[in-house]
Amino acid sequence: MTTLSIQVNGAQHDVDIEPRTLLVDLLRRDLGLTGTHVGCDTSQCGACTVLLDGEAVKSCTMLAVQAHGREVTTVEGLARDGKLHPLQEAFIDCHGLQCGFCTPGMLMSASCLLARNPSPSEDEIAQALEGNLCRCTGYVNIIKSVQEAASKMASAAEKQP
Ligand code: FES
Ligand code: FES
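The model shown is predicted, which means the values in this text are computed figures rather than measured ones.

Some words on helix α5 (residues 140-159)
In a regular helix each residue adds 1.5 Å, so 20 residues correspond to 28 Å; α5 covers 29 Å between its end C-alpha atoms and thus fits that length. For α5, the set of buried residues is Ile-142, Ile-143, Ser-145, Val-146, Ala-149 and Ala-150. The buried residues of α5 occupy an angular sector of 155° when the element is viewed end-on, so they sit on one face. Among the exposed residues of α5, those oriented more than 90 degrees off its buried face are Val-140, Glu-158 and Lys-159. Elements that come into contact with the buried residues of α5 comprise α2 (86-93), α3 (103-116) and α4 (122-128).

Some words on the domain arrangement of the protein chain
You can read the domains of the protein chain as domain 1 (2-77) and domain 2 (86-156). In this assembly, 18 residues from domain 1 lie in contact with 14 residues from domain 2. Between domain 1 and domain 2 lies a buried interface of about 1,100 Å² when both sides are counted; carbon and sulfur atoms form 63% of it. Where domain 1 touches domain 2, the interface holds 0 salt bridges. Between the two partners, domain 1 and domain 2, sit 5 residue pairs in polar contact (both at pLDDT 80 or more). For the side of domain 1 that touches domain 2, a count of residues per class yields 7 nonpolar, 9 polar and 2 charged.

Notes on the pattern of salt bridges
The full count for this structure, using the stated rule, is 5 salt bridges. Between Arg-29 and Asp-30 there is a salt bridge, with its nearest N and O atoms 3.3 Å apart. The class of Asp-30 is partly exposed, set by a relative accessible area of 34%. Residues participating in the shared-partner salt-bridge network are Asp-93, Glu-148 and Lys-152.

Some details on the packing of α2 against α5
At a minimum axis separation of 8 Å, α2 and α5 run at an interaxial angle of 135°. Taken together, the axis directions place α2 and α5 in an arrangement best described as oblique. Of the two possible hands of crossing, α2 and α5 adopt the one that is right-handed. Of the residues in α5, those touching α2 at Pro-86, Leu-87, Ala-90, Phe-91 and Asp-93 are Ile-142, Ser-145, Val-146, Glu-148, Ala-149, Lys-152 and Met-153. A per-class count over the contact of α2 with α5 returns 8 nonpolar, 1 polar and 3 charged.

Section: the side chain of Thr-21
Tracing the backbone through its elements, the reader meets Thr-21 in the loop between β2 (11-17) and α1 (23-30). Residue Thr-21 is classed as buried on the basis of its relative accessible area, which comes to 7%. Separated by 2.7 Å, the side chain of Thr-21 and the backbone oxygen of Glu-18 make a polar contact. Those residues in contact with Thr-21 that sit more than four places away from it in its chain are Leu-26, Arg-29, Asp-30, Leu-63 and Ala-64.

The rules behind each value
- Residues numbered from 1 in each chain as written.
- Chains lettered and ligands numbered in written order.
- Predicted model: local features only at pLDDT ≥ 70, side-chain atom pairs only at ≥ 80, totals over all residues.
- Heavy atoms only, no water.
- Helix = DSSP H or I, 4+ residues; strand = E, 2+ residues; numbered from the N terminus.
- Expected span 1.5 Å × (residues − 1).
- Buried < 20%, exposed > 50% of the residue type's maximum accessible area, 1.4 Å probe, protein only.
- Arc of directions from axis to C-beta.
- Contact = heavy atoms within 4.5 Å.
- Domains from an automatic or database assignment.
- Buried area = accessible area lost by both parts, 1.4 Å probe.
- Salt bridge = Lys/Arg side-chain N within 4 Å of Asp/Glu carboxyl O.
- Polar contact = N/O pair within 3.5 Å; in protein donor to acceptor, adjacent residues only side chain to side chain.
- Nonpolar A, V, L, I, M, F, W, Y, C, P; charged D, E, K, R; others polar.
- Axes fitted to C-alpha atoms, helices over the stretch in contact; angles between N-to-C directions.
- Parallel < 35°, antiparallel > 145°, perpendicular 65-115°, else oblique.
- Left-handed = near helix turned anticlockwise from the far one by under 90°.

See below:
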């Protein structure tokens, strides 16, 4: 066993784990954060995407110990003070999901994109989401959702003093 120190969604955790524990298993099994999904376990689908120090990573292909001393954000960490993140609202408003299985990963990849590029083109959104597979939506409404969130976030930023 090894002791892992990790910040997840702003909360500090010190957990004893087997060194071979995957990050996704730490999140889902040890911390109960089941919003991060496992679709393939082989780095193909992106359902397990989380942010590691702000960068989108596939948590099924990382050891939890690689996140020691670092900060992880999962889909549970997107909402603030009981209010959904603009991306979450836009996915609802623009029908960016059907079964919702891929959605946590889509949201995390999209939030990483918008943090780096607040006004991405359609191509840039498609590129940022190319590691995330969706079996239901055909992607059109997912791209619309990201565009809608980007525009709402830009207007909110303009209104800030
Ligand atoms: S579960 Fe990680 S990429 Fe599919
Ligand atoms: S909404 Fe079903 S897999 Fe994407």
